[in-house]
Amino acid sequence: MRKPVIAGNWKMYKLLNEAVDTALALKPVVANANHCDVVIAPVFTALKNVSSRLEGSNVKVAAQDCAAEAKHGAHTGEIAADMIKDAGCSHVIIGHSERRQHYGETDASVNAKTKSAIQAGLIAIVCVGETLDQREAGSADDVVKSQIIKGLDGLTVADTERIIIAYEPVWAIGTGKTATPEQAQEMHGVIRQTVAEAHGNEVAERVRILYGGSVKPDNIVELMSQEDVDGALVGGASLEAESFAKIVNYR
Ligand code: 13P
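Anyway, here's the lowdown on the structure attached to this text. (Residues numbered from 1 in each chain as written. Predicted model: local features only at pLDDT ≥ 70, side-chain atom pairs only at ≥ 80, totals over all residues. Heavy atoms only, no water.)

Moving on, we get to the site of the ligand. Around the ligand, the structure places 13 residues, and the nearest of them are His96, Glu168, Gly174, Ser214 and Gly236. A distance of 2.9 Å is found between an oxygen atom of the ligand and a side-chain nitrogen or oxygen belonging to glutamate 168. With respect to the ligand, the backbone of glycine 235 contributes an N or O atom lying 2.9 Å from an oxygen atom. Considered on its own, the ligand offers 310 Å² of accessible surface; in the complex 96% of this is hidden by protein. For the shell around the ligand, a count of residues per class yields 4 nonpolar, 7 polar and 2 charged. (Near = heavy atom within 4 Å. Polar contact = N/O pair within 3.5 Å; in protein donor to acceptor, adjacent residues only side chain to side chain. Areas by Shrake-Rupley, 256 points an atom, 1.4 Å probe, with all protein chains shown as cover. Nonpolar A, V, L, I, M, F, W, Y, C, P; charged D, E, K, R; others polar.)

Next up on the list: the nonpolar core. Judged by nonpolar contacts, the single largest core of 71 residues is most densely connected at Ile6, Ile40, Val50, Ile165, Ile191 and Tyr211. A total of 6 residues in this core trace back to one element, the largest contributor, which is helix α9 (residues 181-199). When sequence neighbours within four positions are dropped, the list of residues in contact with isoleucine 6 reads Cys36, Asp37, Val38, Val39, Ile220, Gly231, Ala232, Val234, Phe244, Ile247, Val248 and Tyr250. Ranked by size, the runner-up nonpolar core spans 13 residues in total, among them Val5, Ile93, Ala166 and Leu233. (Core = buried A, V, L, I, M, F, W, Y, C linked by side-chain atoms within 4.5 Å. Buried < 20%, exposed > 50% of the residue type's maximum accessible area, 1.4 Å probe, protein only. Helix = DSSP H or I, 4+ residues; strand = E, 2+ residues; numbered from the N terminus. Contact = heavy atoms within 4.5 Å.)

A rise of 1.5 Å per residue sets the reference length of α9, with its 19 residues, at 27 Å; its end C-alpha atoms lie 26 Å apart and thus fit the reference within 8%. Considered for burial, the residues of α9 that qualify are Pro181, Ala184, Gln185, Met187, His188, Val190, Ile191, Arg192, Thr194, Val195, Ala196 and His199. Phi turns positive, to about 100°, at glycine 200, one or two residues after α9. (Expected span 1.5 Å × (residues − 1).)

Right, let's get into the sheet that holds strand β6 (residues 163-167). The strand order around the closed barrel formed by 8 strands is β1-β2-β3-β4-β5-β6-β7-β8, and the pairing between neighbours is parallel. Strand-to-strand twist of the sheet, defined as the mean angle between neighbouring strand axes without regard to direction, takes the value 25°. Each of β5 (123-128), β6 and β7 (208-212) touches α9; the most contacted strand, β7, lies at about 145° to it. Along the sheet, helix α12 (residues 241-248) makes contact with β1 (5-9), β2 (37-41) and β8 (231-234), crossing β1 at roughly 160°. (Pairing = 2+ DSSP bridges. Axes fitted to C-alpha atoms, helices over the stretch in contact; angles between N-to-C directions.)

Attention shifts here to the environment of threonine 114. Mapped onto the elements, threonine 114 comes out in helix α5 (residues 107-119). Spatially, the C-alpha atoms of threonine 114 and histidine 102 are 19 Å apart, while their sequence positions differ by 12 residues.

Across the two faces of strand β4 (residues 91-94) the burial is the same, with His91 and Ile93 and Val92 and Ile94 all buried. Relative to β4, strand β3 (residues 59-63) is paired through 2 bridges, and the arrangement is parallel. From the neighbouring strand, alanine 63 faces β4, where its bridge partner is valine 92. Running through helix α3 (residues 81-86), the crossover from β3 to the neighbouring parallel element β4 is right-handed. Sheet topology places β4 next to β5; 4 bridges connect them, and they run parallel. Bridge pairing in β5 places isoleucine 93 opposite isoleucine 125. (Right-handed = clockwise from strand over helix to strand, strands pointing away.)

This is how it looks when you write it as structure tokens:
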């Protein structure tokens with residue numbers, strides 16, 4: 001049985017006090033959620049404060065990116081994976097489509113960052129997903145397969161214990177247009193099959209695949225009812241403790 005993961009990506013929202021307030025509001029309302037792992041991803045500058053205030057709770061903290069370089073050095077503006085761990089994080093989101101689209105993230109950088117994250121002892125939430133053009137051109141499966149193969153290239157079986165995959169169709173992010181449960185299931189099946197071919201059946205059976213893109217309290221149950229949907233990566237609806245708690249407590 002794969003334990004579900006419900007993760008909230010706060011993107012570039014919330015000043016420090018707002019992030020801490022939301023985290024503190026979330027803590028009691030998800031305290032009984034033993035059925036899933038709960039993760040929130042505030043901006044870098046709030047990580048330490050938020051993680052300190054959540055210590056001893058069941059809410060884990062993720063960064064939204066990390067440096068490809070593991071070794072400390074002259075990389076102005078970058079933050080190494082072990083620095084993220086040092087700030088109290090257990091997870092890091094890698095290769096979000098917003099970074100791929102607007103900040104030059106490539107499959108090669110996703111691969112390097114994933115390896116650095118694993119080396120630092122973090123769990124890497126590796127994001128994949130096709131654009132609307134790619135879906136309409138009928139190449140969605142090939143795009144996502146290629147992102148998985150290249151993004152996870154060279155990972156050992158032990159490494160794969162420390163990854164979570166998030167399928168986020170770009171056309172569903174922030175648009176209110178969720179993939180149907182069937183569309184999500186279909187792509188999650190493709191992803192699991194691709195992982196099986198590249199890393200073996202055992203790894204594929206174990207790896208958790210989250211869906212992301214306009215997940216809300218009113219569509220989480222349907223999405224989670226799909227066999228290969230092992231959780232959600234939530235954007236907008238994770239910004240308020242109340243709506244995120246409803247998603248976490250979907251059952
Ligand atoms: P929304 O839930 O706002 O569509 O964002 C999804 C997302 O990008 C999570 O990483």
